[in-house]
Amino acid sequence: MGSAKKSSNTARQTRIAEMRRAEEARDRRNRILTIAVSAVVVAGLVVGGVVLVRSQSDDSSSDAASDGKTSGKFVAGEDGVQTWKGTLARNHVTEEVSYPAEPPVGGDHDQAWMNCNGDVYTKPLKNENAVHSLEHGAVWVTYTDKAPTADVEKLAAKVKKTPYSLMSPDDKQKDPIMLTAWGHQRTVTGADDPNVDKFFEKFVQGEQTPEPGAACTNGLAE
């Protein structure tokens with residue numbers, strides 16, 4: 001049993017390492033592309049033309065809200081995980097989104113994601129940006145001022161060493177410590193709750209991820 005679990009964890013870490021290498025390669029290509037595009041813009045301005053270069057993050061969704069709407073409800077599982085049953089819209093929007101849950105588990109979101117490469121934020125995040133991180137397969141740890149400081153510190157240490165995760169305060173949520181992935185959410189009693197590791201194991205780049213392998217860097221930082 002222990003050997004099988006160790007093997008599973010090793011395979012998971014190998015897969016995450018491969019995704020990080022692929023992401024670094026994409027970053028290098030994006031930098032080269034950015035330089036090339038900038039040169040085109042400058043050249044266009046010199047001859048009197050104006051070239052507008054608009055970069056989309058990871059799909060071609062419009063900035064304006066489309067007809068896709070979030071609908072459904074949470075269904076509680078025997079393992080304590082709340083799973084959203086219904087539709088989670090995935091459009092890029094510029095306006096504020098009214099989410100049915102806090103923290104939200106998905107839905108329309110901003111075209112810019114929050115960096116989620118083990119990033120720990122000390123201020124509340126804009127939901128629209130954090131939801132985009134969830135779309136990329138990140139687990140989002142949130143806590144209120146009622147969470148014990150020791151637990152917050154332990155969870156922050158875990159997030160910092162876990163690619164595709166992020167953490168931030170959220171005093172609008174109902175429980176002191178909550179874990180969120182795209183379409184899934186649960187409350188935990190503290191940093192030592194065994195359900196923390198279970199949630200990370202299952203949902204960091206898990207099967208629920210709408211865009212597996214998408215970047216968790218080069219987004220927004222606090």
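**Examining the packing of aromatic side chains**
Phase 1 of the analysis: For the structure on display, the rule yields two aromatic pairs.
Phase 2 of the analysis: Measuring from ring centre to ring centre gives 5.2 Å for Phe-74 and Trp-84, while their planes differ by 90°; the resulting arrangement is edge-to-face. Of this pair, Phe-74 sits in strand β1 (residues 71-76) while Trp-84 is found in strand β2 (residues 82-87), placing the two residues 10 residues apart along the sequence.
Phase 3 of the analysis: Note on Phe-199 and Phe-203: the rings are 4.6 Å apart at their centroids and 50° apart in plane angle, and the pair reads as tilted. Here Phe-199 pairs with Phe-203, and both are found in helix α4 (residues 194-203), just four residues apart, close to one helical turn.
Phase 4 of the analysis: The buried category is assigned to Phe-203, whose relative accessible area is 3%.
Phase 5 of the analysis: Taking NZ or CZ as reference, Lys-158 lies 4.9 Å from the ring centre of Phe-200, over its face.

**Describing the pairing of strand β4 (residues 139-143)**
Phase 1 of the analysis: Within β4, five of the five residues are buried, which leaves the element mostly enclosed by the surrounding structure.
Phase 2 of the analysis: The side-chain alternation of β4 yields two buried faces, one formed by Val-139, Val-141 and Tyr-143 and the other by Trp-140 and Thr-142.
Phase 3 of the analysis: Across five bridges, β4 lies against strand β5 (residues 165-169) in parallel orientation. Along β5, the bridge assignment pairs Trp-140 with Leu-166.
Phase 4 of the analysis: Regarding the hand of the β-α-β motif, the stretch spanning β4, helix α3 (residues 149-160) and β5 is right-handed.
Phase 5 of the analysis: With four bridges connecting them, β4 and strand β6 (residues 177-181) associate as antiparallel partners.

**Section: the pattern of salt bridges**
Side-chain pairing between opposite charges can occur once the charged atoms of the two side chains come close.
Phase 1 of the analysis: Under the counting rule described, the total for this entry stands at five salt bridges.
Phase 2 of the analysis: A salt bridge links Glu-135 to Arg-90; the shortest N-O distance between them is 2.7 Å. With Glu-135 in helix α2 (residues 127-135) and Arg-90 in the loop between β2 and β3 (117-120), this pair connects stretches of sequence that are 45 residues apart.
Phase 3 of the analysis: In this structure Glu-135 comes out as buried when scored by relative accessible area, which is 0%.
Phase 4 of the analysis: According to the relative accessible area criterion, Arg-90 is partly exposed, its value standing at 34%.
Phase 5 of the analysis: Between Glu-211 and Arg-90 there is a salt bridge, with the nearest N and O atoms lying 2.9 Å from each other. Of the two residues, Glu-211 sits in the segment after α4 while Arg-90 sits in the loop between β2 and β3, which places them 121 residues apart along the sequence.
Phase 6 of the analysis: By relative accessible area, which is 10% here, Glu-211 ends up buried.
Phase 7 of the analysis: A network of salt bridges, in which partner residues are shared, links Arg-90, Glu-135 and Glu-211.

**Things to note about the confidence of the model for the protein chain**
Phase 1 of the analysis: Mean pLDDT over the protein chain: 83, with 73% of residues reaching 70 or higher.
Phase 2 of the analysis: Note on residues 40-67: pLDDT under 50 across the span, and 40 contacts to partners over four residues away in sequence or across chains.

**Quick word on unusual backbone geometry**
Phase 1 of the analysis: The residue after Glu-102, namely Pro-103, is reached through a cis peptide bond having omega -5°.
Phase 2 of the analysis: Position of Pro-103 among the secondary structure elements: in the loop between β2 and β3.
Phase 3 of the analysis: The backbone of Tyr-164 sits at a positive phi, close to 65°, despite the residue not being glycine.
Phase 4 of the analysis: On the secondary structure map, Tyr-164 appears in the loop between α3 and β5.
Phase 5 of the analysis: Overall, Tyr-164 belongs to the buried group, its relative accessible area being 1%.
Phase 6 of the analysis: Its identity is not glycine, yet Gln-205 carries a phi of approximately 55°, on the positive side.
Phase 7 of the analysis: Looking at the secondary structure, you find Gln-205 in the segment after α4.
Phase 8 of the analysis: Judged by relative accessible area, which is 4%, Gln-205 ranks as buried.

Reading guide: rules and limits
Residues numbered from 1 in each chain as written. Predicted model: local features only at pLDDT ≥ 70, side-chain atom pairs only at ≥ 80, totals over all residues. Heavy atoms only, no water. Phe/Tyr/Trp six-rings, centres within 6.5 Å; stacked < 30°, edge-to-face > 60°. Helix = DSSP H or I, 4+ residues; strand = E, 2+ residues; numbered from the N terminus. Buried < 20%, exposed > 50% of the residue type's maximum accessible area, 1.4 Å probe, protein only. Lys NZ or Arg CZ within 6 Å of the ring centre and 35° of its normal. Pairing = 2+ DSSP bridges. Right-handed = clockwise from strand over helix to strand, strands pointing away. Salt bridge = Lys/Arg side-chain N within 4 Å of Asp/Glu carboxyl O. pLDDT = per-residue confidence, 0-100. Contact = heavy atoms within 4.5 Å.

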